[in-house]
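As a plain string of letters, each chain reads:
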Amino acid sequence: MTFVQIIDCKTSRVEDLNRLMDQWVERTRGKRTATHSIVGTDRSDASHVVEFPSYEVAMRNSQLPETDRIFREMVALCDELPTFTDLDVVRDEALYKAAARRLLEMIATEPELALLDEVLAEGYHDHDPTNAQDAIGMDAVRREVAMWREGFDFAFTVEDQIAEGDRVCTRWTWQGTHTGDFMGLQPTGIEVSMTGTLIHRFREDGKIVEGWWQYDLLGLMGRIGAVEA
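Predicted model only: the values in this text are computed from it and were never measured. By convention here, each chain's residues receive numbers from 1 onward along its written sequence. A pLDDT threshold of at least 70 governs which residues receive local features in this predicted model, and a stricter bar of 80 or more applies before side-chain atom pairs are shown or counted, although totals over entire chains, interfaces and linings include all residues. The side-chain values count all of the structure's non-hydrogen atoms but skip hydrogen atoms and water molecules.

Next up on the list: the packing of aromatic side chains. Here a Phe, Tyr or Trp ring, Trp counted by its six-membered ring, pairs with any other such ring whose centre lies within 6.5 Å, and the pair is stacked when the planes are under 30 degrees apart, edge-to-face when over 60, and tilted otherwise. Going through the model one piece at a time under the given rule, you end up with 14 aromatic pairs. With a centroid separation of 4.9 Å and an interplanar angle of 65 degrees, the aromatic rings of phenylalanine 152 and phenylalanine 182 are classed as edge-to-face. Of this pair, phenylalanine 152 sits in strand β7 (residues 152-164) while phenylalanine 182 sits in the loop between β8 (167-178) and β9 (191-202), and the two are 30 residues apart along the sequence. Partly exposed describes any residue whose relative accessible area lies between the buried limit of under 20% and the exposed limit of over 50%, with all areas from a 1.4 Å probe on protein chains only and scaled to the type maximum. We classify phenylalanine 152 as buried; its relative accessible area is 2%. Through a chain of ring-to-ring contacts, three or more aromatic side chains come together here, namely Trp148, Phe152, Phe154, Phe156, Trp172, Trp174, Phe182, Trp213 and Tyr215. Helix and strand definitions follow DSSP, with helices as H or I runs of at least four residues and strands as E runs of at least two, each counted in order from the N terminus.

Below you can see the structure in the form of structure tokens.
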């Protein structure tokens, strides 16, 4: 289950606090377990600031020395000691949509494929109708991603998303250049694109447990000369 911590404090130095949070994001890059954070002000009291960091493992994040230093600086900016409210999020469809977008970004650009487990559950089940067998588990997914990366330099553009309950449907456009061997076809340098959809099922902690792809692989292969148009 996703964990959210609300840090509630009063300050007249909102801009200074905002800059402090930017410093925390930069100093803890690659270390923090917070998935995202939001800074907001209370309309009824301009000096009332609320910070919403969303944690996968909140305690591990709080033990970072960078977090401790930033917190002490935050206290110095506040008129009184901040208070904390700990919440278990039953469902967050916006968070699910962000995770679905993040996965597509990671498939295309993340250099460390081991980090896919930030958004995928360990037993993730991938349904791809172009494959003879489903990819089940992190190792199988990483092999599948590596195969596409070996064949193409590519990126996804998210065109549309719909979320309901534990499911997110993402409509995407994929654009790539055939730069390497792909399914036995030597690189052609041809620029290609295709559209598709991806449905994800999430568990309560915000990780993806199952995915269903739909796209035109046959059309893609025809454009790079693997099959007759």
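Now that the structure has been shown, we can carry on.
For the rest of this paragraph, the subject is unusual backbone geometry. Negative phi characterises most residues that are not glycine, and trans characterises most peptide bonds. You will see that methionine 183, though not glycine, has its phi angle at about 55 degrees, which is positive. The topology assignment puts methionine 183 in the loop between β8 and β9.

This brings us to the sheet that holds β9. The strand order β6-β5-β10-β9-β8-β7 describes an open sheet built from six strands, whose pairing is mixed. Each end of this open sheet is capped by a strand with a single partner; those strands are β6 (135-136) and β7. Whether two residues are in contact is decided by their heavy atoms: any pair within 4.5 Å suffices. As a rule, the C-alpha atoms of each element are fitted with a line to give its axis, helices using only the stretch in contact, and angles between N-to-C directions run from 0 to 180 degrees. Across the sheet, helix α4 (residues 93-109) is in contact with β5 (120-127), β7, β8, β9 and β10 (208-215); its angle to β7 comes to roughly 170 degrees. On top of the sheet, helix α5 (residues 138-151) reaches β5, β6, β7, β8, β9 and β10; it is set at about 130 degrees to β7, its chief contact. Between any two strands, pairing holds if DSSP finds at least two bridges.

What follows is about the pairing of β9. Burial along β9 is one-sided: the face carrying Val192, Met194, Gly196, Leu198, His200 and Phe202 is buried and the face carrying Glu191, Ser193, Thr195, Thr197, Ile199 and Arg201 is not. As paired strands, β8 and β9 are joined by eleven bridges and run antiparallel to one another. Paired with threonine 177 across the bridge in β9 is glutamate 191. Where β9 meets β10, seven bridges bridge the pair, whose relative direction is antiparallel. Bridge pairing in β10 links threonine 197 to glutamine 214. Taking the residues between adjacent antiparallel strands as the criterion, β9 and β10 are bridged by five residues, where glycine 206 takes a positive phi near 90 degrees.

Given a helix with a known number of residues, its expected span is that number minus one, times 1.5 Å. In this model α5 runs 20 Å from its N-terminal to its C-terminal C-alpha over 14 residues, within 8% of the 20 Å that 1.5 Å per residue would give. What α5 keeps buried is the set Met138, Ala140, Val141, Arg142, Glu144, Val145, Trp148 and Gly151.

Another point: the environment of alanine 114. Its location among the elements puts alanine 114 in the loop between α4 and β5. The spatial distance from the C-alpha of alanine 114 to the C-alpha of arginine 142 is 7.9 Å, given a sequence separation of 28 residues.

In this section: the environment of aspartate 205. Tracing the backbone shows aspartate 205 in the loop between β9 and β10. Using a relative accessible area of 23% as the deciding quantity, one classes aspartate 205 as partly exposed. Each C-alpha atom of the pair aspartate 205 and alanine 121 lies 9.6 Å from the other, and the pair is 84 residues apart in sequence.

Moving on: the nonpolar core. Remark: nonpolar core denotes a set of buried residues (Ala, Val, Leu, Ile, Met, Phe, Trp, Tyr, Cys) joined through side-chain atoms within 4.5 Å. By size, the foremost hydrophobic cluster in this structure holds 36 residues, and its most contacted members are Trp148 and Trp174. Elements represented by at least two residues in this core include exactly α4, β5, α5, β7, β8, β9, β10 and α6 (217-223). For this core, the leading source of residues is α4, giving eight residues. Sequence-distant contacts of tryptophan 174, defined by excluding residues within four places in its chain, comprise Trp148, Phe152, Phe154, Ala155, Phe156, Val192, Ser193, Met194 and Leu220.

Positionally, aspartate 128 belongs in the loop between β5 and β6. Here a polar contact means two N or O atoms within 3.5 Å. Within protein one must be a hydrogen donor candidate and the other an acceptor candidate, and residues neighboring in sequence count only if both atoms are side-chain atoms. In terms of polar contacts, aspartate 128 uses its side chain to reach the side chain of tyrosine 215, at 2.7 Å. Once you skip the residues sitting within four places of it in the chain, aspartate 128 turns out to touch Asp134, Glu144, Trp213 and Tyr215.

Glancing now at the packing of helix α1 (residues 14-27) against helix α3 (residues 65-77). Put simply, α1 and α3 touch, their axes get as near as 10 Å, and they point 175 degrees apart. The orientation of α1 relative to α3 falls into the category roughly antiparallel. In this structure, α1 uses Asp16, Leu17, Leu20, Met21, Gln23, Trp24 and Arg27 to contact α3, whose residues at the interface are Glu66, Thr67, Ile70, Glu73, Met74 and Leu77. Asp, Glu, Lys and Arg are counted as charged, while Ala, Val, Leu, Ile, Met, Phe, Trp, Tyr, Cys and Pro are counted as nonpolar; the rest, among them Gly, fall into the polar class. Of the residues in the contact of α1 with α3, the class split is seven nonpolar, two polar and four charged. An angle counts as roughly parallel when it lies under 35 degrees, as roughly antiparallel when it exceeds 145, as roughly perpendicular when it falls between 65 and 115, and as oblique in every other case.

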